[in-house]
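Structural characterization, general
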Amino acid sequence: MTTQLETSTHAKSTESRASAGYREPVQQTSGRAHGSWLPGVTSIVFGGDYNPEQWPREVWDEDVALMKTAGVNLVSIGIFSWALLEPREGEFDFGWLDDVIDLLWRAGIGISLGTPTAAPPAWFWAKYPEARPVTRDGVALGGGSRGMASPSSPEYAVASSRIVRELAVRYGAHPALRLWHVHNEYGAPVSESYSVDSVRAFRVWLESKYTTIDALNAAWGTTFWGQHYEYWSEIDAPRRAASVVNPAQRLDFARFTNNALLACFVRERDILHELSPGIPVTTNFMATSCPAIDYWKWAKEVDIVSNDHYLTGERGDSHILLALDADMVRSLAGGKPWLLMEHSTSAVNWQPRNVAKVAGQLARNSLSHLARGADGIMFFQWRASRFGAEKFHSAMIPHAGPDSRIFRETVALGGELASLSELLGSTVTAKVAILWDWESFWAQDLEWRPSSDLGHRRQIETFYGRLWNDGITTDFAHPEADLSGYDLVLAPSLYLLSEAGSANIRAYVEAGGTFVASYFSGVVDENDTVPAGASPGRLREVLGLRIEEFRPLRSGETVELDNGLIGAVWTDEIVLEGATEVAGYRTGATAGRAAITRNRFGAGTAWYLSTEFDSVQLSTVLSEAMLDAGLAPRPNAGDGLEVVERRSVDTIFTIAINHGDREVAIETADAPPVVLAAGAVSISRRPVDALAS
Ligand code: GLA
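None of these values were measured; they are calculated from a predicted model.

Cut-off values and rules
Residues numbered from 1 in each chain as written. Predicted model: local features only at pLDDT ≥ 70, side-chain atom pairs only at ≥ 80, totals over all residues. Heavy atoms only, no water. Helix = DSSP H or I, 4+ residues; strand = E, 2+ residues; numbered from the N terminus. Buried < 20%, exposed > 50% of the residue type's maximum accessible area, 1.4 Å probe, protein only. Contact = heavy atoms within 4.5 Å. Phe/Tyr/Trp six-rings, centres within 6.5 Å; stacked < 30°, edge-to-face > 60°. Lys NZ or Arg CZ within 6 Å of the ring centre and 35° of its normal. Pairing = 2+ DSSP bridges. Near = heavy atom within 4 Å. Polar contact = N/O pair within 3.5 Å; in protein donor to acceptor, adjacent residues only side chain to side chain. Areas by Shrake-Rupley, 256 points an atom, 1.4 Å probe, with all protein chains shown as cover. Nonpolar A, V, L, I, M, F, W, Y, C, P; charged D, E, K, R; others polar. Arc of directions from axis to C-beta. Axes fitted to C-alpha atoms, helices over the stretch in contact; angles between N-to-C directions. Parallel < 35°, antiparallel > 145°, perpendicular 65-115°, else oblique. Salt bridge = Lys/Arg side-chain N within 4 Å of Asp/Glu carboxyl O. Disulfide = S-S within 2.5 Å.

So, the overall build of the chain
- In terms of helices and strands, the chain carries 18 helices and 25 strands.
- For the chain, with 693 residues in total, the buried portion stands at 59%.
- Here the analysis covers contacts within the chain between residues at least 6 apart in sequence; of these, 73% occur between residues at least 24 apart.

Okay, here's the thing in structure tokens:
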């Protein structure tokens, strides 16, 4: 398969491209760098993680020469370098980093400088063993690896602030500096810590949230199983216990953990803003694959959103999961440009079976991120390690060296991206949103739910996959976000719903929106408490129904509907309270009762699906809801064809990617069809005015 780019050509020579992309950083005199893209960057960012400390000095010269060949214009350095930069507590050695940065700068390559606080040195663990994170089972995690200290450790706060301050003073105004890359993937590999410091900090956090112990007792429902507290000092982290621990306590501990990690980021960010004004600060997210982090909250704190994404190599729909993740990142960025900080040129090393990418997939994956709003494409990592835990991970230069398909594809991609500067800052608009709330996921994933087959992630993937196959670009939104720009809003198993969230959904439908909720939605409030009255609690009025009893199905059991669809996992005993039955159950314990309902509410419509459908069947239901919303699948959608539009003030860019193994003709409203070969990508432009004609 080949990548066929039909772009207008602004390609410069590789030599000039590396330097042409940069101006001197714009120095900001005060305040945050928020709202800016990378200072001095005027082309699509291209590069990767660079770990020169793993290589002898002579390799650095070859690295820089090959980076120029590939059109690399930004590298992330120093992410895990704490032990080399501060070999003994309070003693620093920046010589090697000075040399690397200057070498890169002289070659016109910018840096995204890491703060190395995800890998505290051996001296730190030896001197402060109490800073080790402790698991729910009470195991204090050892060193010799990487990963966060207990986020509430005072010793970690002192040590991490010191190295960040040193780096900021030394490099904060370096002309090569484009971006600060704080820490690495907060929340992974561990997030929660049950250390003494964490328990102490949890109590302080609870006291500031609830003010009185009575308020905490009420919110946590501690009259259940005699869990009443008299003093804050009696409260523990929800460590492993004889039976199920209070779910409201666990939910609060998840919130506390997210908050404690975010405080670590903010502490570093504030030092960098103070000492390196004008340089944006980010930390690399794992948008849809880090369950512990509520990225809606984090997105408000970073200057630009950046993300790491790795294909689930074994899944045939990995390109759809990639699109899901990229759409989530764009949504977190509020539609602004974002940076793909890491992905892989080929296989990773940490999946059960690490499937290598086929020819052309490197470009297709990269351009799919670009299509969905990324203004920079970077990889982990520049040169494949020869030792350590990640030596079997692919890189831009594999062990096979530059004379390899991977490096040739890397160079080709760098060249193509260099010709796409026009896309910088152009945006993607979606008319459909899927509601996504980490707090709801945290609550739903606790023990003793009505079925162990409940799966919000599986359902989101089914809903998203359906829309992807229908050619519909989708955003993700928090239930309390402004939904007024969407024609259709989907809530796959939105278990926890706040008062504000339900009022927001209600207002959206009342004003004319189309809303689709699937089973086990609106079941509890912020404290994992069932609101008084029948389920679906706060969605009851808008959906126009109540549920007498949940009826989860047996493992593998299915039920037939009278419209021929097959449901799985779940059914409800629905009593209609204004909604119309669209389809009923023909078999099973709920036979004769409504399965799919539709309710006119205000100027809008609210649908309820009381069972789970696979992607093909969901198409039948969603196509009707789409009619309500005035939406239709894109012509010739499906067949592995991905088409996304990015718009600038005057131009619409259409990025079409053929993930299939047959050629496809892309129909356009105002031009003859374009035939796209199997595996190919095309990027076409038309003026915005053409829309009006
Ligand atoms: C993560 C990390 C990188 C590297 C890659 C490997 O994204 O941030 O340091 O370990 O995984 O896939």
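Some remarks on the packing of aromatic side chains
- A complete count under the given rule lists 36 aromatic pairs for this structure.
- Ring centres of Trp382 and Phe407 lie 6.3 Å apart, and the angle between their planes is 80 degrees; on these two criteria the pair is classed as edge-to-face. With Trp382 in the loop between β9 (374-379) and α13 (405-418) and Phe407 in helix α13, this pair connects stretches of sequence that are 25 residues apart.
- By way of ring pairs, the aromatic residues Phe285, Tyr295, Trp296, Trp436, Trp438, Phe441, Tyr464 and Phe476 are connected into one cluster.
- We note Arg383 situated over the ring of Trp55; from NZ or CZ to the ring centre the distance is 5.4 Å.

Topic: the pairing of β9
- Counting buried positions along β9 gives 6 out of 6 residues, so the element sits mostly inside the fold.
- Sheet topology note: the strand β1 (residues 45-50)/β9 ladder contains 4 bridges and is parallel. Bridge assignment links Gly47 to a residue of β9, and that residue is Met378.
- Here strand β8 (residues 338-342) runs beside β9; their pairing, made up of 3 bridges, is parallel.

Considering the site of the ligand
- Taken together, Phe80, Arg146, Asn184, Glu185, Asp308, Tyr310, Glu342, Trp350, Phe380, Glu390 and His393 make up the full set of residues near the ligand.
- In this structure, an oxygen atom belonging to the ligand sits 2.4 Å away from a side-chain N or O atom of Glu342.
- A distance of 2.7 Å is found between an oxygen atom of the ligand and a side-chain nitrogen or oxygen belonging to His393.
- Here the ligand loses 96% of its free accessible area of 310 Å² to cover by the protein chains.
- Along the lines of polarity and charge, the residues of the shell around the ligand split into 4 nonpolar, 2 polar and 5 charged.

A short note on helix α8 (residues 213-220)
- Every buried residue of α8 is accounted for by Ile213, Leu216, Asn217, Ala219 and Trp220. Buried residues in α8, looked at end-on, bunch into an arc of 165 degrees, giving them a common side. For α8, the exposed residues lying more than 90 degrees away from the buried face are Asp214 and Ala218.
- For α8, the elements touching its buried residues are α7 (196-210) and α9 (247-275).
- Where α8 terminates, the next one or two residues include Gly221, which has phi positive at roughly 60 degrees.

Description of the packing of α7 against α8
- Packing of α7 against α8 leaves a shortest axis separation of 8 Å and a crossing angle of 90 degrees. When the axis of α7 is compared with that of α8, the two are roughly perpendicular. Together, Phe202, Leu206 and Tyr210 of α7 and Ala215, Leu216, Ala219 and Trp220 of α8 make up the contact between the two elements.
- Taken together, the residues of the contact of α7 with α8 sort by class into 7 nonpolar, no polar and no charged.

Overview of the sheet that holds strand β25 (residues 681-687)
- Pairing within the open sheet is antiparallel, and its 3 strands lie in the order β21-β22-β25. Looking at the sheet topology across the chains shown, the edges are occupied by β21 (641-647) and β25. Within this sheet the neighbouring strands show an average axis-to-axis angle of 20 degrees, counted without direction.
- The pairing of β21 with strand β22 (residues 651-658) spans 7 bridges and is classified as antiparallel. Considered in β22, the bridge of Arg646 is made with Phe653.

Looking at the pattern of salt bridges
- Applying the stated criterion across every chain yields a total of 50 salt bridges.
- The partner of Arg146 in a salt bridge is Glu390, with the nearest N and O atoms 3.7 Å apart. Within this pair, whereas Arg146 is found in the loop between α5 (122-127) and α6 (154-171), its partner Glu390 is found in the loop between β9 and α13, the two being separated by 244 residues in sequence.
- Accessibility expressed as a relative area gives 38% for Arg146, which makes it partly exposed.
- Given the relative accessible area of 24%, Glu390 is considered partly exposed.
- Linking Glu526 and Arg538 is a salt bridge whose minimum nitrogen-to-oxygen distance equals 3.5 Å. Placement of Glu526 in the loop between β13 (514-518) and α17 (540-543) and of Arg538 in the loop between β13 and α17 is noted, with a sequence separation of 12 residues between them.
- By relative accessible area, Glu526 is classed as partly exposed at 29%.
- Each of Lys209, Asp252, Arg255, Asp294, Lys297 and Glu439 takes part in salt bridges that share partners, so that together they form one network.

A closer look at the state of the cysteines
- Applying the stated criterion across every chain, the model contains 0 disulfides.
- With no disulfide of its own, Cys264 has Cys290 as its nearest cysteine by sulfur position, at a separation of 14 Å.
- Cys264 sits in the buried class, given a relative accessible area of 1%.

Notes on the side chain of Asp327
- The residue Asp327 is located in helix α11 (residues 318-332) in this model.
- Overall, Asp327 belongs to the buried group, its relative accessible area being 0%.
- Ignoring sequence-local partners within four residues, the contact set of Asp327 consists of Arg372, Tyr464, Thr474 and Phe476.

All quantities given are derived from atomic positions and should not be read as evidence of function.
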